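Here are the chains, one letter per residue:
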Amino acid sequence: AQSVTQLDSQVPVFEEAPVELRCNYSSSVSVYLFWYVQYPNQGLQLLLKYLSGSTLVKGINGFEAEFNKSQTSFHLRKPSVHISDTAEYFCAVSDQPRGAQKLVFGQGTRLTINP
Amino acid sequence: EAQVTQNPRYLITVTGKKLTVTCSQNMNHEYMSWYRQDPGLGLRQIYYSMNVEVTDKGDVPEGYKVSRKEKRNFPLILESPSPNQTSLYFCASWIRAAPYEQYFGPGTRLTVT
């Protein structure tokens, strides 16, 4: 069974600073990887996804993530954050053979941007 | 507009009073699912459905029921709610094709007193 660990429950950063949100997963099979964002009082919106190919994935709002198979990680980065990036971010995996049934989510990382 | 809708968005109820949260999608997706979100635990799957009249348990099904009589609708039923079911609930839908990207509703915040 897969599992996902987001290593930081809260990340405070200053506006225009870079940020990295860390995600590690475990799985015995190949996986698809996702980052979702949840803005206050809203549902989850897809930021980006890794399916195969290039390990650097670009998403919406200037975010990108790098898939590292040897370290089983999928860290999310943004070079310069804005106040509007304040949200909770979830890393999720689905396994390729049985992925239809569900996503497995990490615990979430709350990103707070300070002016 | 392609979307997943949930109703109600907010609900306060008392222990033991049956309730239903509705979910509807207009994307003709085969799969639908219910998740609950609790602080520090992320999202956990309650039930999912692969198509009309086909449902299966997720990771935390106790105390919940679902049905899928039409492809677009997937209601979540709490027949005797308890305070430990106070949570934020999300409905999601997706197609039966890799990478199984899920589309989420806006959420329903349920409080059981």
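Residues numbered from 1 in each chain as written. Chains lettered and ligands numbered in written order. Predicted model: local features only at pLDDT ≥ 70, side-chain atom pairs only at ≥ 80, totals over all residues. Heavy atoms only, no water.

Engineer: Pulling in residues and values, what's your account of the state of the cysteines?
Structural biologist: Applying the stated criterion across every chain yields a total of 2 disulfides over all chains. What pairs with Cys 23 of chain A in a disulfide is Cys 91 of chain A, and their sulfur atoms sit 2.0 Å apart. The chirality of the disulfide connecting Cys 23 of chain A with Cys 91 of chain A is left-handed, given an S-S dihedral of about -65°. Separated by 68 residues along the polypeptide, Cys 23 of chain A in strand S4 (residues 23–26) and Cys 91 of chain A in strand S10 (residues 87–95) bring together distant segments of the chain. For Cys 91 of chain A, a relative accessible area of 0% puts it in the buried group. With its sulfur 1.8 Å from that of its partner, Cys 23 of chain B forms a disulfide with Cys 91 of chain B. Looking along the S-S bond of the Cys 23 of chain B-Cys 91 of chain B disulfide, the torsion reads about -75°, which is the left-handed sense. In this pair, Cys 23 of chain B is assigned in strand S3 (residues 19–25) and Cys 91 of chain B in strand S9 (residues 87–94), connecting sequence segments 68 residues apart. With respect to burial, Cys 23 of chain B and Cys 91 of chain B carry one shared label: buried. (Disulfide = S-S within 2.5 Å. Helix = DSSP H or I, 4+ residues; strand = E, 2+ residues; numbered from the N terminus. Buried < 20%, exposed > 50% of the residue type's maximum accessible area, 1.4 Å probe, protein only.)

Engineer: So, the packing of aromatic side chains: which residues are in play, and what are the values?
Structural biologist: Scanning the model with the defined rule gives 15 aromatic pairs over all chains in all. With centroids separated by 6.2 Å and ring planes inclined at 65°, the aromatic side chains of Tyr 32 of chain A and Tyr 100 of chain B adopt a geometry described as edge-to-face. With Tyr 32 of chain A in strand S5 (residues 31–38) and Tyr 100 of chain B in the loop between S9 and strand S10 (103–104), this pair bridges two chains. Plain terms: the ring middles of Tyr 31 of chain B and Trp 94 of chain B are 5.3 Å apart, the flat faces sit at 20° to each other, and that makes the pair stacked. Residue Tyr 31 of chain B is found in strand S4 (residues 31–38), and its partner Trp 94 of chain B is found in strand S9; the two are separated by 63 residues along the sequence. By relative accessible area, which is 4% here, Tyr 31 of chain B ends up buried. The exposure class assigned to Trp 94 of chain B is buried, which follows from its relative accessible area of 0%. Site record: aromatic cluster; members linked through ring pairs are Phe 34, Tyr 36, Phe 90 and Phe 105 of chain A together with Tyr 35, Phe 90 and Phe 104 of chain B. (Phe/Tyr/Trp six-rings, centres within 6.5 Å; stacked < 30°, edge-to-face > 60°.)

Engineer: Hey, could you go over the interface of chain B and chain A for me, with residue numbers and the actual values?
Structural biologist: With 23 residues of chain B at the interface, the matching set in chain A holds 23 residues. When the two sides are added together, the surface that chain B and chain A hide from each other amounts to roughly 1800 Å², 55% of it contributed by carbon and sulfur. In this structure, Lys 49 of chain A engages Glu 101 of chain B in a salt bridge whose closest nitrogen and oxygen atoms are separated by 2.6 Å. At the surface where chain B touches chain A, the tally comes to 5 residue pairs in polar contact (both at pLDDT 80 or more). Every element with two or more residues in the side of chain B that touches chain A is listed here: S4, strand S5 (42–51) and S9 of chain B. Grouping the amino acids of the side of chain B that touches chain A by side-chain chemistry returns 14 nonpolar, 6 polar and 3 charged. (Contact = heavy atoms within 4.5 Å. Buried area = accessible area lost by both parts, 1.4 Å probe. Salt bridge = Lys/Arg side-chain N within 4 Å of Asp/Glu carboxyl O. Polar contact = N/O pair within 3.5 Å; in protein donor to acceptor, adjacent residues only side chain to side chain. Nonpolar A, V, L, I, M, F, W, Y, C, P; charged D, E, K, R; others polar.)

Engineer: Would you mind going over the nonpolar core in detail, with residue names and values included?
Structural biologist: In terms of nonpolar packing, the biggest core is built from 29 residues, with Trp 35, Leu 48, Leu 76 and Tyr 89 of chain A touching the most fellow members. The next biggest cluster of nonpolar side chains, apart from the first, holds 21 residues, and it includes Leu 44 of chain A together with Met 50, Phe 90 and Ala 92 of chain B. (Core = buried A, V, L, I, M, F, W, Y, C linked by side-chain atoms within 4.5 Å.)

Engineer: If you had to explain the pattern of salt bridges to someone new, which residues and values would you point to?
Structural biologist: All names here are of chain A. Enumeration according to the criterion identifies 11 salt bridges over all chains in this entry. Between Arg 77 and Glu 20 there is a salt bridge, with the nearest N and O atoms lying 2.8 Å from each other. Within this pair, whereas Arg 77 is found in strand S9 (residues 73–78), its partner Glu 20 is found in strand S3 (residues 19–21), the two being separated by 57 residues in sequence. With relative accessibility at 26%, the residue Arg 77 sits in the partly exposed group. For Glu 20, a relative accessible area of 34% translates into the label partly exposed.

Engineer: Describe the environment of Glu 20 of chain A, with residues and values.
Structural biologist: All names here are of chain A. In this structure the C-alpha to C-alpha distance between Glu 20 and His 75, which are 55 residues apart in sequence, comes to 6.7 Å. Beyond its immediate stretch of four places on either side in the chain, Glu 20 contacts His 75, Leu 76 and Arg 77. At 2.8 Å, the side chain of Glu 20 and the side chain of Arg 77 are in polar contact.

Engineer: Could you give an account of the pairing of strand S11 (residues 108–112) of chain B, with specific residues and numbers?
Structural biologist: Residues and elements named next belong to chain B. Side chains of S11 alternate between two faces, with Thr 108, Leu 110 and Val 112 buried and Arg 109 and Thr 111 left unburied. Here strand S2 (residues 10–13) pairs with S11 via 4 bridges, running parallel. Bridging from a neighbouring strand, Ile 12 pairs with Thr 111 of S11. Sheet topology places S9 next to S11; 3 bridges connect them, and they run antiparallel. Residue pairing for S11: Ser 87 is matched across the bridge by Leu 110. (Pairing = 2+ DSSP bridges.)

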